[in-house]
Amino acid sequence: MRERIVAGNWKMNLNKLSIKNFINDFPSLVADIKEVKNIIFPPYVYLYLFQEQDEIHYGGQNIYYEENGAFTSEISSGMLRDMGCKYVIVGHSERRHIFGEKNDLLNKKLQSALDNNLIPVFCIGETLKERKANRQFNVLETQLKEGLNGIKNIEKIIFAYEPVWAIGTGETATPEIAEGAHKFIREELNKLFSNAGENITILYGGSVKPQNTGSLIKMKNIDGFLVGGASLQPESFSEITRLSRED
Ligand code: PEP
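Residues numbered from 1 in each chain as written. Predicted model: local features only at pLDDT ≥ 70, side-chain atom pairs only at ≥ 80, totals over all residues. Heavy atoms only, no water.

Draft legend 1. Molecular detail of the overall build of the chain. For the chain, the count of helices and strands is 10 helices and eight strands. A globule of 247 residues ought to have a C-alpha radius of gyration of about 18 Å, and the chain, at 17 Å, matches this closely. Along the first, second and third principal axes, the C-alpha set of the chain runs to 45 × 45 × 30 Å. Counting all 247 residues of the chain, 53% fall into the buried class. Nonlocal contacts in the chain, meaning residues at least 24 apart in sequence, comprise 72% of its contacts between residues at least 6 apart. Of the roughly 11,600 Å² that the chain leaves accessible, carbon and sulfur atoms contribute 50%. (Helix = DSSP H or I, 4+ residues; strand = E, 2+ residues; numbered from the N terminus. Rg over C-alpha atoms; globule rule 2.2 N^0.38 Å. Buried < 20%, exposed > 50% of the residue type's maximum accessible area, 1.4 Å probe, protein only. Contact = heavy atoms within 4.5 Å. Areas by Shrake-Rupley, 256 points an atom, 1.4 Å probe, with all protein chains shown as cover.)

Draft legend 2. Focus on the site of the ligand. Neighbouring the ligand are 14 residues; K11, E162, G168, S207 and G228 lie closest to it. A distance of 2.7 Å separates an oxygen atom of the ligand from a polar atom in the side chain of E162. For the ligand, whose unbound accessible area comes to 290 Å², protein coverage reaches 95%. Looking at side-chain class alone, the shell around the ligand contains four nonpolar, eight polar and two charged residues. (Near = heavy atom within 4 Å. Polar contact = N/O pair within 3.5 Å; in protein donor to acceptor, adjacent residues only side chain to side chain. Nonpolar A, V, L, I, M, F, W, Y, C, P; charged D, E, K, R; others polar.)

Draft legend 3. Structural detail: the packing of aromatic side chains. Under the criterion given, the structure shown has 11 aromatic pairs. Their ring planes at 45° and their centres at 5.0 Å tell us that Y64 and F71 sit as a pair that is tilted. Judged by its relative accessible area of 32%, F71 is partly exposed. Between Y161 and Y204 the ring centres are 6.3 Å apart and the planes differ by 50°, which places this aromatic pair in the tilted class. Of this pair, Y161 sits in strand β6 (residues 158–161) while Y204 sits in strand β7 (residues 202–204), and the two are 43 residues apart along the sequence. The exposure class assigned to Y161 is buried, which follows from its relative accessible area of 0%. The class of Y204 is buried, set by a relative accessible area of 0%. The structure contains a cluster of three or more aromatic residues connected by ring pairs, namely W10, F22, F26, F50, Y58 and F237. Sitting above the plane of the F99 ring, R95 keeps its charged end 4.0 Å from the centroid. (Phe/Tyr/Trp six-rings, centres within 6.5 Å; stacked < 30°, edge-to-face > 60°. Lys NZ or Arg CZ within 6 Å of the ring centre and 35° of its normal.)

Laid out in structure tokens, this is it:
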């Protein structure tokens, strides 16, 4: 079922005090908004602060696909479950482009998350170079085909279209560009998984802020947002949540 979701990817930001303050302040700002689900992805070391509360959904920013073993600094799906996580980001563009994660690795991560009852937020999107060469749809198609290879229960996955050129740059995709990509992703999922795309939640990510939320959420195939910078303050994140309500 398509869900209205506004998720916050905190990346390597904030600290114990600011996160405690966020957990304290945020719930009352969105208490009246029942139709939008918020999910926060804090740095791993602060997950325990979320385990001590029950108002904010939360998850991990990444996983390794093995259950345990000699993989220094990695975290498994089972460990995230152990910390009360229900969600995990897989394939964020910073993982793909700074840390070199490829589609076949991400495929294993997706399978591991699903096997452990974690809901993956699977990020896909093209670079500026790829868009300039008009290759954005080929890139999305490959990321979907290879990333989802052999995956059975794709209805458990949340997708996030995040054009790399719009992440953390202040440059947002226009509503039309974002809608075009979301429509393409939904149609691809329909093709690959016998019409399953109609019921899949697809988020947009890339410099989302209160000023551009309204025009993006109006688009038919945009179900919500994955927000970086503007999710770090309760005020802007709650404002994006408020503006993302159903019309
Ligand atoms: C992100 O980290 O997924 C993201 C979209 O970041 P920002 O909103 O800062 O562009």
